[in-house]
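A closer look at the structure
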Amino acid sequence: MGISLEELFEFVDRNQIEVIPINYLHLLQLSRLPAHHNDPFDRLIIAQAISENLKLISRDKIFKNYSVNLVWD
């Protein structure tokens with residue numbers, strides 16, 4: 001990333017970015033997702049975005065295959 005973890009955490013705090021913990025609803029949604037994407041982390045953030053009704057910012061073309069509110073496609 002070009003910055004240390006400390007710098008990343010400071011950026012998150014300074015910009016009031018909320019880090020969402022993984023909960024059981026996210027994991028249930030994850031278990032229901034079709035296997036369009038092979039990356040487990042990407043599938044998890046898709047599941048979180050769907051569960052929490054959040055906008056997901058990504059340029060990953062595969063994300064369009066999911067019913068997620070996608071920005072910057």
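In this report, the structure presented in the accompanying data block is examined. In this text, all values refer to a predicted model and were calculated from it rather than measured experimentally.

What follows concerns a negative patch on the surface. Together, E6, E7, E10 and D13 line one region of the surface with negative charge. With respect to the element layout, E10 can be found in helix 1 (residues 5–14).

The angle between the axes and the distance between the axes are what describe a pair of packed helices. The geometry of helix 2 (residues 24–32) relative to helix 3 (residues 40–52) is characterised by a closest axis approach of 8 Å and an angle of 115° between their N-to-C directions. With respect to helix 3, the axis of helix 2 lies roughly perpendicular. Read as a crossing pair, helix 2 and helix 3 show a hand that is right-handed. Across the interface between the two elements, L25, H26, L27, Q29 and L30 from helix 2 touch R43, L44, A47, Q48, I50, S51 and E52 from helix 3. Among the residues forming the contact of helix 2 with helix 3, the class breakdown is six nonpolar, four polar and two charged.

What follows covers unusual backbone geometry. Although it is not a glycine, Q16 sits at a positive phi angle of roughly 50°. Judged by its relative accessible area of 75%, Q16 is exposed. At N53, a residue that is not glycine, the phi angle is positive and equals roughly 55°. Tracing the backbone through its elements, the reader meets N53 in the loop between helix 3 and strand 1 (55–57). According to the relative accessible area criterion, N53 is exposed, its value standing at 70%.

Reading the values: the criteria
Residues numbered from 1 in each chain as written. Predicted model: local features only at pLDDT ≥ 70, side-chain atom pairs only at ≥ 80, totals over all residues. Heavy atoms only, no water. Patch = residues over 30% accessible without salt bridge, like charges linked within 9 Å, V, L, I, M, F, W, Y side chains within 5 Å. Areas by Shrake-Rupley, 256 points an atom, 1.4 Å probe, with all protein chains shown as cover. Salt bridge = Lys/Arg side-chain N within 4 Å of Asp/Glu carboxyl O. Lys, Arg positive; Asp, Glu negative; His and termini not counted. Charge placed at Lys NZ, Arg CZ, Asp CG, Glu CD. Helix = DSSP H or I, 4+ residues; strand = E, 2+ residues; numbered from the N terminus. Axes fitted to C-alpha atoms, helices over the stretch in contact; angles between N-to-C directions. Parallel < 35°, antiparallel > 145°, perpendicular 65-115°, else oblique. Left-handed = near helix turned anticlockwise from the far one by under 90°. Contact = heavy atoms within 4.5 Å. Nonpolar A, V, L, I, M, F, W, Y, C, P; charged D, E, K, R; others polar. Buried < 20%, exposed > 50% of the residue type's maximum accessible area, 1.4 Å probe, protein only.

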